[in-house]
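A closer look at the structure
Read off the chains here:
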Amino acid sequence: MDGLTKGYVLAQLAYWTQQLLVVNLEERRHDYWQMIAHHVATISLIVIAYANHHTRVTNLIFVLMDIIELIFPVSPALGH
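Below: a short report on this structure. For clarity, every value in this text was computed on a predicted model and none was experimentally measured.

A tally of helices and strands in the chain yields three helices and zero strands. The linear arrangement of helices and strands in the chain, starting from the amino end, is α-α-α. Relative to the globule expectation of 12 Å for 80 residues, the C-alpha radius of gyration of the chain, 15 Å, shows a markedly less compact shape. Here the C-alpha coordinates of the chain stretch approximately 40 × 30 × 15 Å along the principal axes. Out of the 80 residues belonging to the chain, those deemed buried represent 24%. In the chain, the proportion of contacts linking residues at least 24 apart, taken out of those at least 6 apart, comes to 62%. When the accessible area of the chain is evaluated, it comes to approximately 6100 Å², of which 69% is carbon and sulfur surface. Side chains of the chain give 4 positive and 6 negative charges; the mean places of these two sets differ by 9 Å.

Pasting the structure below:
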């Protein structure tokens, strides 16, 4: 695995771990347990994929998730 790929996977792992901590610092929302389950599942999948050297598929999923994160906040402004 090259350094850039490894860095990207570890950055994503750090991001999702940080999100798990932030959920516990914020005021509890109605979907608190769903968010906890989502973050734990995501972290688990990243760790399992990293441990089993499935970095190509993992990076593809990360890139798709990042693209969606850019598109969804814009779509309400466009009236969709």
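Structure's up, so let's keep going.
What follows deals with the packing of aromatic side chains. Under the definition given, this model contains three aromatic pairs. The interplanar angle of 85° and the centroid separation of 5.8 Å between the aromatic rings of Y8 and F62 together place this pair among those described as edge-to-face. Note that Y8 is positioned in helix α1 (residues 3-25) and F62 in helix α3 (residues 55-71), a separation of 54 residues in sequence. When its relative accessible area of 3% is taken as the criterion, F62 is described as buried. Pairing Y15 with W16 gives two aromatic rings, centres 5.2 Å apart and planes at 80°, and the pair type is edge-to-face. Judged by its relative accessible area of 42%, Y15 is partly exposed. For W16, a relative accessible area of 11% translates into the label buried. Its guanidinium or amino end placed over the ring of Y32, R28 lies 3.9 Å from that ring's centre, counting from NZ or CZ.

Thresholds applied
Residues numbered from 1 in each chain as written. Predicted model: local features only at pLDDT ≥ 70, side-chain atom pairs only at ≥ 80, totals over all residues. Heavy atoms only, no water. Helix = DSSP H or I, 4+ residues; strand = E, 2+ residues; numbered from the N terminus. Rg over C-alpha atoms; globule rule 2.2 N^0.38 Å. Buried < 20%, exposed > 50% of the residue type's maximum accessible area, 1.4 Å probe, protein only. Contact = heavy atoms within 4.5 Å. Areas by Shrake-Rupley, 256 points an atom, 1.4 Å probe, with all protein chains shown as cover. Lys, Arg positive; Asp, Glu negative; His and termini not counted. Charge placed at Lys NZ, Arg CZ, Asp CG, Glu CD. Phe/Tyr/Trp six-rings, centres within 6.5 Å; stacked < 30°, edge-to-face > 60°. Lys NZ or Arg CZ within 6 Å of the ring centre and 35° of its normal.

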